[in-house]
Amino acid sequence: MAAINKVILIGNLGRDPEVRYTPNGNAVCNVSVATTRQWKNKESGDKQEETEWHRVVFYDRLAEIAGEYLKKGRSVYVEGRLKTRKWTDKEGKEQYTTEVIATEMQMLGGREGMGGGGGGGAEEGGGYSESPQRSAPAPASRPAASAANRPASKPTTGFDNMDDDIPF
């Protein structure tokens, strides 16, 4: 039987990316992405909210792109797989963490919050993939592909009906 390990996240960065390089020169970028689920309590009718934080790791060229263009608060689409790591802390206690190993990334939203400078197509919300042979996934390319059909007044991100109560 086949197994699938696939994660798709659309959320906001909780902090600026941290880019490091391995001893052999490969880039590694760590980010924290928040996803928020909202619902109404059936009994009281009060609005409820639950925010989940996800550790996301980019490698190689995707790590360099994420480090250059992603900023705290920016909306991002990430596709990847889950990986759990084990290590021993300073007290000798074994620790575990589960991360999303990103294979594709799409910057969402308009130019606001971009920071940085001009990279080909990134200002429009570019899609990037770990493997250059594959194009960005269909859900990730929709915002850029439909940009010509949108009114110029306000970019659509899919989060237009959400409150501005971002927890960071």
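Criteria and cut-off values
Residues numbered from 1 in each chain as written. Predicted model: local features only at pLDDT ≥ 70, side-chain atom pairs only at ≥ 80, totals over all residues. Heavy atoms only, no water. Helix = DSSP H or I, 4+ residues; strand = E, 2+ residues; numbered from the N terminus. Buried < 20%, exposed > 50% of the residue type's maximum accessible area, 1.4 Å probe, protein only. Contact = heavy atoms within 4.5 Å. Areas by Shrake-Rupley, 256 points an atom, 1.4 Å probe, with all protein chains shown as cover. Salt bridge = Lys/Arg side-chain N within 4 Å of Asp/Glu carboxyl O.

Chemist: Can you walk me through the overall build of the chain in this structure?
Modeler: Looking only at helices and strands, one finds two helices and seven strands in the chain. Scanning the chain from its N terminus toward the C terminus, one meets helices and strands in the order β-β-β-β-α-β-β-β-α. The buried share of the chain, reckoned over its 168 residues, is 31%. Counting contacts in the chain only where the partners sit at least 6 residues apart, residues at least 24 apart contribute 58% of the total. Total accessible area on the chain is roughly 10,900 Å²; 48% of this is exposed by carbon and sulfur atoms.

Chemist: Help me understand the environment of D46 in this model?
Modeler: Along the chain, D46 turns up in the loop between β3 (27-40) and β4 (47-59). Residue contacts for D46: discarding those within four places in its chain leaves W39, K40 and N41.

Chemist: How should I be thinking about the pattern of salt bridges in this particular structure?
Modeler: Under the definition given, this model contains six salt bridges. Its salt-bridge partner being E79, residue K6 comes within 3.2 Å of it at the nearest N-O pair. Taken together, the residues span a long stretch of sequence, with K6 in the segment before β1 (7-13) and E79 in strand β5 (residues 75-88) at a distance of 73 residues. Since its relative accessible area comes to 53%, K6 is described here as exposed. Here E50 makes a salt bridge to R37, at a shortest N to O gap of 3.3 Å. One end of the pair, E50, is in strand β4; the other, R37, is in strand β3, with 13 residues separating them in the sequence. On the basis of relative accessible area, R37 is assigned to the partly exposed category, the value being 45%.

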